[in-house]
Amino acid sequence: MMSLEGSPEKFVMMTLYHCVSARSFRPLWLLEELGLPYSLKVLPFPPRALARSFLQENPLGTVPLLVEGDTRMTESAAMCQYLAARHSPDRLDVAVNDPDFAAYLNWLHMSDATLTFPQTLVLRYTHFEPAERQQPQVAEDYRRWFLARLKAVDRAVQQQPYLCAGRFTAADVAVGYALMLATHLGLSAQFPPAVAAYWTRLQQRQAFQRALAQQHQAALEQGVPATPAPDTRPAG
Ligand SMILES: N[C@@H](CCC(=O)N[C@@H](CS)C(=O)NCC(=O)O)C(=O)O
């Protein structure tokens, strides 16, 4: 039995419910960074339509869902904070007494609320909705919204290789996923040079590469299409 560092707690295998390259890539990448054992369950996208039994696990029908014993989480940025604090104190988290603690939390929350959310509107109104419900103007407005909000990342990575604390943290994983999604949306050509270089640095990490390989292999083994969720298009 494995125990948490410095704790007599019994080891409980984590289960991550995931769709290929959806927001659940955040905890998947972080699990690989931490070298923790986990079970990966890959679902077709969107699970609410194509894996209806998943609604019993998560009534929202969304991924990620992280289960660790009685702990159940459905927010990807919170999972990054949880996994880093619980499983890698002083490595991928930022301690409460660190001068960059507030910046760290701000990046974690910004990763989804400010940098991923507008992109989901682009996806929905250019690709996921049927032709008669598509809204090119909404998509264009939120494309611009995202690129404007990216200025915060640009300013940070012009001055340092990672977002905060002078090192790679869970916040880089959370924000990195927003850049990954933007790449699927064809927006990476519009990244400012410092953001493009930062994104290249993140993709070069071995744990990032392993997370890509793991999701691909798990999808094949579990008979789920390996098409990235953001590249999925409704049938017909
Ligand atoms: N804020 C949540 C959003 C979760 C979410 O909406 N996930 C998307 C995939 S990226 C999903 O499962 N969509 C399927 C659906 O809405 O039915 C997070 O960061 O985890």
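Residues numbered from 1 in each chain as written. Predicted model: local features only at pLDDT ≥ 70, side-chain atom pairs only at ≥ 80, totals over all residues.

**Examining the overall build of the protein**
- In terms of regular secondary structure, the protein is built from nine helices and four strands.
- Relative to a compact globule of 236 residues, whose C-alpha radius of gyration would be 18 Å, the protein shows 18 Å and is just as compact.
- For the protein, the C-alpha atoms occupy an extent of roughly 60 × 45 × 25 Å along the three principal directions. (Helix = DSSP H or I, 4+ residues; strand = E, 2+ residues; numbered from the N terminus. Rg over C-alpha atoms; globule rule 2.2 N^0.38 Å.)

**Quick word on the sheet that holds strand E3 (residues 65-68)**
- The strand order across the open sheet formed by four strands is E2-E1-E3-E4, and the pairing between neighbours is mixed. With partners counted over all chains shown, the strands left at the sheet margins are strand E2 (38-42) and strand E4 (71-73), one partner each. In this sheet, neighbouring strand axes are inclined to one another by 15 degrees on average, regardless of whether the strands run parallel or antiparallel.
- Strand direction decides the pairing type here: strand E1 (residues 14-18) and E2, joined by five bridges, are parallel. For leucine 16, the partnering residue across the bridge sits in E2 and is leucine 40.
- Relative to the sheet, helix H9 (residues 206-221) contacts E1 and E2, its axis offset from that of E2 by approximately 60 degrees. (Pairing = 2+ DSSP bridges. Axes fitted to C-alpha atoms, helices over the stretch in contact; angles between N-to-C directions. Contact = placed C-beta atoms within 7 Å.)

**Focus on the site of the ligand**
- As a structural note, the neighbourhood of the ligand is formed by 13 residues, with Ala22, Arg23, Pro46, Thr62 and Ser76 the closest of them.
- Residue composition of the shell around the ligand, grouped by class: six nonpolar, three polar and four charged. (Near = placed C-beta within 6 Å. Nonpolar A, V, L, I, M, F, W, Y, C, P; charged D, E, K, R; others polar.)

**Some words on the environment of phenylalanine 101**
- Relative to the elements of secondary structure, phenylalanine 101 occurs in helix H4 (residues 101-113).
- In the structure, phenylalanine 101 is positioned 21 residues away from cysteine 80 in sequence and 14 Å away in space, judged by C-alpha atoms.

**A short note on the packing of helix H3 (residues 76-87) against H4**
- Interhelical geometry of H3 versus H4 gives an angle of 155 degrees and a closest axis separation of 8 Å. The orientation of H3 with respect to H4, classified from their angle, is roughly antiparallel. The way H3 lies across H4 gives a crossing that is right-handed. Across the interface between the two elements, Ser76, Ala77, Cys80 and Gln81 from H3 touch Leu108, His109, Ser111 and Asp112 from H4.
- Of the residues in the contact of H3 with H4, the class split is three nonpolar, four polar and one charged. (Parallel < 35°, antiparallel > 145°, perpendicular 65-115°, else oblique. Left-handed = near helix turned anticlockwise from the far one by under 90°.)

**Considerations on the domain arrangement of the protein**
- For the protein, the assigned domains read domain 1 (14-91 + 208-231) and domain 2 (101-205).
- The distance between the C-alpha centroids of domain 1 and domain 2 comes to 19 Å.
- With 16 residues of domain 1 at the contact, the number on the domain 2 side is 17 residues.
- Along the lines of polarity and charge, the residues of the side of domain 1 that touches domain 2 split into nine nonpolar, three polar and four charged. (Domains from an automatic or database assignment.)

**Section: the UniProt feature "domain: GST N-terminal" (unreviewed entry) in the protein**
- The UniProt record marks residues 11-91 with the feature "domain: GST N-terminal" (unreviewed entry), using the residue numbering of this structure.
- Along residues 11-91 the backbone is 32% helical and 21% strand, and the end-to-end C-alpha distance reaches 20 Å. (UniProt positions renumbered as here; feature names shortened; annotations may be inferred.)

**Structural notes on unusual backbone geometry**
- Between phenylalanine 45 and the following residue, proline 46, the backbone shows a cis peptide bond with an omega angle of 0 degrees.
- Looking at where proline 46 falls in the secondary structure, it is placed in the loop between E2 and helix H2 (47-50).
- Across the junction of valine 63 and proline 64, the peptide omega takes the value 5 degrees, indicating a cis bond.
- Tracing the backbone through its elements, the reader meets proline 64 in the loop between H2 and E3.
- You will see that serine 21, though not glycine, has its phi angle at about 60 degrees, which is positive.
- Despite not being glycine, alanine 165 has its phi angle at roughly 65 degrees, a positive value.
- For alanine 165, the position within the fold is in the loop between helix H6 (136-159) and helix H7 (170-184).
- Judged by local crowding, alanine 165 falls into the buried class, with 21 C-beta atoms found within 10 Å. (Buried ≥ 20, exposed ≤ 12 C-beta atoms within 10 Å, placed from the backbone.)

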